[in-house]
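# Inside the fold
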Amino acid sequence: MRSYADTARRKPPGQERPVKDKVFNQSIGKLRAAVERAIAHLKDWKVLATRYRGPLTRFPLVAKTVTALAFYKNGW
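Residues numbered from 1 in each chain as written. Predicted model: local features only at pLDDT ≥ 70, side-chain atom pairs only at ≥ 80, totals over all residues. Heavy atoms only, no water.

### Examining the pattern of salt bridges
Taken as a whole and judged by the stated rule, the model has 1 salt bridge. The residue Arg9 makes a salt bridge to Asp21 at a minimum N-O spacing of 3.2 Å. Taken as a pair, Arg9 in the segment before helix H1 (19-42) and Asp21 in helix H1 lie far apart in primary sequence, 12 residues in all. Of the residues examined, Asp21 reaches a relative accessible area of 9% and is grouped as buried. (Salt bridge = Lys/Arg side-chain N within 4 Å of Asp/Glu carboxyl O. Helix = DSSP H or I, 4+ residues; strand = E, 2+ residues; numbered from the N terminus. Buried < 20%, exposed > 50% of the residue type's maximum accessible area, 1.4 Å probe, protein only.)

See the structure below:
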C-alpha cells in the first residue's frame, strides 16, 4: 500500500488545486524523472536490459559493478 507522501496530490472535485499541492507534485515529478533516467542509463548495459542468466548469488555483484562503471563513465 502506498502512503500519501510518495504520490502526487489530486485536484479536489470542483475546485482548483492549491499552490502548495502544485509545488509538491512538481517535486515528486522531478524526483521520479531522475529515477527513471537513472534506470534507463543502467539498462544501456546489456546484462541489466536482458534476462540475467548467471548464478543468482552473483547478481548483486554484477549490478554493483555495472552501476560503478556507469558512474565512472559519467565522471562521478
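### Remarks on H1
Look at H1: 35 Å from first C-alpha to last across 24 residues, which is about the 34 Å you get at 1.5 Å a residue. Turning to H1, its buried residues are Asp21, Phe24, Asn25 and Ile28. (Expected span 1.5 Å × (residues − 1).)

### What about the packing of aromatic side chains?
Within the structure shown, the criterion is met by 0 aromatic pairs. Over the ring of Phe24 we find Arg9, and its NZ or CZ is 4.0 Å from the ring centre. (Phe/Tyr/Trp six-rings, centres within 6.5 Å; stacked < 30°, edge-to-face > 60°. Lys NZ or Arg CZ within 6 Å of the ring centre and 35° of its normal.)

### What to know about helix H3 (residues 59-74)
Counted at 1.5 Å a residue, the expected span for H3 with its 16 residues is 22 Å, and the 23 Å between its end C-alpha atoms agrees. Three or more residues of H3 are buried, namely Val62, Ala63, Val66 and Ala70. End-on view of H3: buried residues confined to an arc of 100 degrees, all on one side of the axis. Looking at H3, the residues exposed on the side facing more than 90 degrees away from the buried face are Leu61, Lys64 and Tyr72. Looking at the residues trailing H3, positive phi occurs at Gly75, about 80 degrees. (Arc of directions from axis to C-beta.)

### Let's talk about the confidence of the model for the chain
Mean pLDDT over the chain: 82, with 93% of residues reaching 70 or higher. Here helix H2 (residues 46-49) is the element of the chain with the lowest mean pLDDT, 72, and H1 is the one with the highest, 87. (pLDDT = per-residue confidence, 0-100.)

### Concerning the environment of Arg10
Note on placement: Arg10 falls in the segment before H1. Residue Arg10 is classed as exposed on the basis of its relative accessible area, which comes to 76%. Once the C-alpha coordinates of Arg10 and Val47 are considered, the two residues, 37 residues apart in sequence, prove to be 38 Å apart.

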